[in-house]
Amino acid sequence: MHGSPKARREGPTLSKPPIPKAKMPQRLRQRRRADGSWRVWWEPGKALAAAGWKSVELSADKPTWSIREAEKLNRDVDLARAGKTPARTGGRSIDAVIQRYRAEAFPDLAPKTQKSYDALLRLISAKWGEDHVSDFTKPVIYNWYQALLRTGSPRRAQALVRMMSSLMGHAELLGWRSEDSNPCLRLKMRTPKPRKRTASWDEIDSLVQAADALGWPVMGQMVLFATYHGQRETDLILARRADFRRQDVQLPGDASPRRLWLWQLTRSKRGTEGVLPVHDACAPMLDAREDLAPEAPIFADPVNDAPFNEETFQTRWQRLRTTAAEALPSVATLQFRDLRRTFGVMARSAAVGRDDIGDVLGNSAARDPLLGETYMPADFPAAMRAIGAITRPAKGPEKRKA
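Residues numbered from 1 in each chain as written. Predicted model: local features only at pLDDT ≥ 70, side-chain atom pairs only at ≥ 80, totals over all residues. Heavy atoms only, no water.

Below, the discussion takes up the layout of surface pockets. Empty space within the largest pocket amounts to approximately 2,100 Å³. Looking at the largest pocket, it is lined by 42 residues, and the ones nearest its centre are Lys-112, Ser-116, Arg-232, Lys-269 and Arg-337. Sorting the residues of the lining of the largest pocket by element identifies helix H4 (111-128), helix H6 (154-173), helix H9 (233-238), helix H11 (310-327) and helix H12 (338-349) as the ones contributing at least two each. Looking at which element gives the most residues to the lining of the largest pocket, the answer is H4, with 8 residues. Among the residues forming the lining of the largest pocket, the class breakdown is 13 nonpolar, 12 polar and 17 charged. (1 Å grid on protein atoms, 1.4 Å probe; cavity = no way out; pocket = protein on both sides within 12 Å on 5 of 7 lines; lining within 4 Å. Points joined across faces, edges and corners; volume = space filled by probe spheres on them. Helix = DSSP H or I, 4+ residues; strand = E, 2+ residues; numbered from the N terminus. Nonpolar A, V, L, I, M, F, W, Y, C, P; charged D, E, K, R; others polar.)

In structure tokens:
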């Protein structure tokens, strides 16, 4: 059990009780606080408390809802006394809100996000599945967060509490908790240190060489494409031939149009749209794929020539990284998502502005990049500046052996 809920220090300042005495269900309580606001709650009493029932905070702002909640809790008590399973272990449990959340919120999420959330929801269900959503208070969540910190990483602890926050917000939408009662807010959680790993050109070259040695050149091409364009692995996996086309583009300051490969994509995580110029270093990859069918993947699994999925890509990536690490051990700590950060760091080193980099990465507000066949003048040159700034450092003359 989690202990009695902590009273909320808020509510309307009324001279009269929010719920008339004649309408008060059994066990519903209300009391005026020193500041003039009212606390409304359901109180099980000593006998029920000894049997495991807990106080439930209700809302002085919503008297009708509070009355209904109290009546439902009283019916649960009657069911328990009759030897039947009360609704407190089913109808409004954490498992019940998880089921509703999956059905109602998941359709709007990207598949990779769904997978990530699903793993967190399974952990929450194992811990709290049968508990009633109205039993959760800020102290309960805070103590859980502290326990998570003691047994795991700050990042995982933060992710679980944020997932629980989404569930509590959904419970409010369903009317299972009073409005603005999310106990996960303002916990002052520890901010995990951000990952700062980036790849060096030596590491990138080692990966490309390992891909060639494995007979998987497409994996090396994906490494280069991610480095030069800063997009996530999912967006590379989903890229199709129809997403790329050659076009003459007139850039501000240029005397004549330039013939470029352009990549039009809808980013998998945020849903932002973008049109990116393909870096000159990657254009030959597309030249070689120009005759592919429109729906063919630009990057196919080198083992079976089938479209990648997240699992098969990670399997190939881990094999590639292990092979590359035999020649350059530092590669062993590199993750594919670090290549996205590498793009940002390299662009900043080339004095590209943060806003221009954000346009490429998709961190800017979503906007329609196309007006017919014309690109938004404020966006495309920014992407061109950022992508064009990624260049290899010039190599000096090789030293002669003595």
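Picking up after the structure, the text goes on.
Time to look at the sheet that holds strand E3 (residues 56-57). With antiparallel pairing, the 3 strands of this open sheet are ordered in space as E1-E2-E3. Each of the sheet's edge strands pairs with one partner strand only, and the pair in question is strand E1 (28-32) and E3. Pairing analysis gives 5 bridges linking E1 to strand E2 (residues 38-42), with the strands arranged antiparallel. Residue pairing across strands places Arg-31 opposite Arg-39, the latter belonging to E2. Relative to the sheet, helix H2 (residues 63-81) contacts E1, E2 and E3, its axis offset from that of E2 by approximately 25°. (Pairing = 2+ DSSP bridges. Contact = heavy atoms within 4.5 Å. Axes fitted to C-alpha atoms, helices over the stretch in contact; angles between N-to-C directions.)

So, on to the packing of H12 against helix H13 (residues 354-361). Relative orientation of the contacting elements H12 and H13 amounts to 155°, with a least axis distance of 10 Å. Considered as vectors, H12 and H13 are oriented roughly antiparallel to each other. The interaxial crossing formed by H12 with H13 has right-handed handedness. In contact with Arg-340, Phe-343, Gly-344, Ala-347 and Arg-348 of H12, H13 contributes Arg-354, Ile-357, Val-360 and Leu-361. Within the contact of H12 with H13, the residues separate by chemical class into 5 nonpolar, 1 polar and 3 charged. (Parallel < 35°, antiparallel > 145°, perpendicular 65-115°, else oblique. Left-handed = near helix turned anticlockwise from the far one by under 90°.)

Its place among the elements puts Arg-319 in helix H11. Its relative accessible area of 45% is what places Arg-319 among the partly exposed residues. Separated by 105 residues in the primary sequence, Arg-319 and Leu-214 place their C-alpha atoms 9.2 Å from one another. The residues touching Arg-319, leaving out its near neighbours within four places in the chain, are Leu-214 and Trp-216. (Buried < 20%, exposed > 50% of the residue type's maximum accessible area, 1.4 Å probe, protein only.)

Turning our eyes to something else, we now look at the pattern of salt bridges. It is possible for side chains bearing opposite charge to pair when their charged atoms get close. Counted under the stated rule, the structure contains 15 salt bridges. Taking the shortest distance from any N to any O, the salt bridge between Arg-246 and Asp-287 comes out at 2.4 Å. Linking Arg-246 in strand E4 (residues 244-249) with Asp-287 in helix H10 (residues 283-287), this pair joins segments that are 41 residues apart in sequence. Arg-246 sits in the partly exposed class, given a relative accessible area of 31%. The salt bridge involving Asp-248 is made with Arg-259; its shortest N-O contact spans 3.5 Å. Here Asp-248 is found in strand E4, whereas its partner Arg-259 is found in strand E5 (residues 258-266), with 11 residues between them in sequence. (Salt bridge = Lys/Arg side-chain N within 4 Å of Asp/Glu carboxyl O.)

Looking now at the sheet that holds E5. Strand order in the open sheet formed by 3 strands is E4-E5-E6, and the pairing between neighbours is antiparallel. This sheet does not close on itself; its edge strands, each paired only once, are E4 and strand E6 (273-277). For this sheet, the mean angle separating the axes of adjacent strands, direction not counted, is 35°. Relative to E6, E5 runs antiparallel, the two sharing 5 bridges. Note that in E6 the partner of Thr-266 across the bridge is Glu-273.

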